[in-house]
Amino acid sequence: MLQIKDLKKIFNRGTVNEKVALTGVNFTLNPGDFVTVIGGNGAGKSTLLNCVAGVYPVDEGHIFLDGHEVTKLPEHRRAKHLGRVFQDPMMGTAADMNIEENLALAYRRGQRRTLKWGVTAAERVKYKELLQQLDLGLESRMTDKVGLLSGGQRQALTLLMATLQAPKLLLLDEHTAALDPKTAAKVLDLTQKLVEENKLTTLMVTHNMQDAIRLGNRLIMMHEGNIAVEISGEEKKNLDKSDLIALFEKASGGKLESDRLLLS
């Protein structure tokens with residue numbers, strides 16, 4: 001599904017601010033995998049996702065999606081194959097459009113636009129059914145502007161929009177980091193539900209070790225621009241936080257004591 005070969009990314013090359021973000025990452029995501037990506041600040045987690053999405057051009061290496069190389073494909077051409085939810089709840093939706101219009105944009109992604117672009121009665125029924133599963137009361141507010149919603153409501157809506165067309169790959173970039181704990185837990189439960197029901201291949205970056213252990217069938221831990229630990233199967237099912245810390249310290253020779261977010 002997703003194959004990454006020898007991926008390198010350097011910011012501000014040749015300057016005093018040069019930063020090596022990825023140092024030759026090799027990674028394969030199989031169809032149906034739900035992989036959580038954990039790591040401290042500056043480990044390369046979000047950079048990896050942005051390279052896959054085409055936001056950042058890579059300096060070296062190759063990216064293959066569904067058997068086709070997309071390394072040099074621009075972001076807008078990769079977008080039709082990807083679903084993405086960002087850390088900022090304000091991204092991913094159009095604030096000046098109402099809820100049903102946002103859903104219509106996601107539902108019709110990739111279709112040719114015509115003069116008949118209004119939301120149909122049949123679509124309205126479908127959107128209402130989809131919104132009901134969020135359990136946020138949004139099904140009775142479909143004509144409300146998205147800008148009036150709370151951060152958690154917007155993030156849940158963005159997640160629904162990102163999965164509406166069953167993308168080849170779903171990218172989640174710390175999508176609950178800006179939410180309060182109760183709302184974050186609700187969005188994560190919804191994430192798991194949508195991924196499992198739609199059998200979505202998913203790559204989820206998180207700063208929270210407990211979430212990384214609990215969700216998905218595989219876990220990778222990044223350190224200084226590369227993968228330090230990779231765990232899957234029964235080993236992941238039986239994993240706890242102390243085990244993961246021990247594995248990381250053995251692989252990297254480092255400690256996580258200073259990263260409170262990661263240890264939460």
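Residues numbered from 1 in each chain as written. Predicted model: local features only at pLDDT ≥ 70, side-chain atom pairs only at ≥ 80, totals over all residues. Heavy atoms only, no water.

A. Layout of the overall build of the protein. Broken down by element type, the protein carries ten helices and ten strands. Taking 264 residues into account, the globule formula puts the C-alpha radius of gyration at 18 Å, and the protein, at 19 Å, falls close to it. Here the C-alpha coordinates of the protein stretch approximately 60 × 40 × 35 Å along the principal axes. For the protein, the residues scored as buried account for 46% of the 264 residues in total. If you take every contact in the protein between residues at least 6 apart in sequence, the share linking residues at least 24 apart comes to 67%. Total accessible area on the protein stands at roughly 13,200 Å², and carbon and sulfur atoms take up 49% of it. Side-chain charges in the protein split into 35 positive and 33 negative, and the spacing between the mean points of these groups amounts to 6 Å. (Helix = DSSP H or I, 4+ residues; strand = E, 2+ residues; numbered from the N terminus. Rg over C-alpha atoms; globule rule 2.2 N^0.38 Å. Buried < 20%, exposed > 50% of the residue type's maximum accessible area, 1.4 Å probe, protein only. Contact = heavy atoms within 4.5 Å. Areas by Shrake-Rupley, 256 points an atom, 1.4 Å probe, with all protein chains shown as cover. Lys, Arg positive; Asp, Glu negative; His and termini not counted. Charge placed at Lys NZ, Arg CZ, Asp CG, Glu CD.)

B. Region of the structure containing the layout of surface pockets. By volume, the largest pocket amounts to about 440 Å³. Every residue lining the largest pocket is counted, 17 residues in all, and those nearest its centre are A79, L82, R84, F86 and R109. Where the lining of the largest pocket is concerned, the elements lending two or more residues are β6 (82-85), α3 (99-107) and α5 (151-163). (1 Å grid on protein atoms, 1.4 Å probe; cavity = no way out; pocket = protein on both sides within 12 Å on 5 of 7 lines; lining within 4 Å. Points joined across faces, edges and corners; volume = space filled by probe spheres on them.)

C. The packing of aromatic side chains, seen in detail. One pass over the structure, following the stated rule, counts two aromatic pairs. Here the aromatic rings of F11 and Y56 are separated by 5.1 Å at their centres, their planes lie at 85°, and the arrangement is edge-to-face. A residue pair is termed long-range when its members are at least 10 positions apart, and F11 in strand β1 (residues 2-11) and Y56 in the loop between α1 (45-53) and β4 (60-65) qualify at 45 residues. On the basis of relative accessibility, which here comes to 28%, the residue Y56 falls in the partly exposed class. (Phe/Tyr/Trp six-rings, centres within 6.5 Å; stacked < 30°, edge-to-face > 60°.)

D. Just the pattern of salt bridges, in detail. In this structure the tally under the stated criterion is twelve salt bridges. K8 is the salt-bridge partner of E60, the closest N and O atoms lying 3.7 Å from each other. Taken together, the residues E60 in strand β4 and K8 in strand β1 connect sequence positions 52 residues apart. For E60, a relative accessible area of 41% corresponds to the partly exposed category. Assessed through its relative accessible area of 33%, K8 is described here as partly exposed. Among the charged side chains, a network of salt bridges with common partners joins D33, R218 and E230. (Salt bridge = Lys/Arg side-chain N within 4 Å of Asp/Glu carboxyl O.)

E. Representation of the sheet that holds β6. Strands sit in the order β6-β7-β8-β3-β9-β10 across an open sheet of six strands; the sheet is mixed. Strand pairing shows two members of the sheet lacking a second neighbour, β6 and β10 (226-232), which therefore form its edges. Strand after strand, the sheet turns through a mean of 15° between neighbouring axes, direction not considered. Relative to β10, strand β9 (residues 218-223) runs antiparallel, the two being bridged by six bridges. Across the sheet, I220 pairs through a bridge with E230, a residue of β10. (Pairing = 2+ DSSP bridges. Axes fitted to C-alpha atoms, helices over the stretch in contact; angles between N-to-C directions.)

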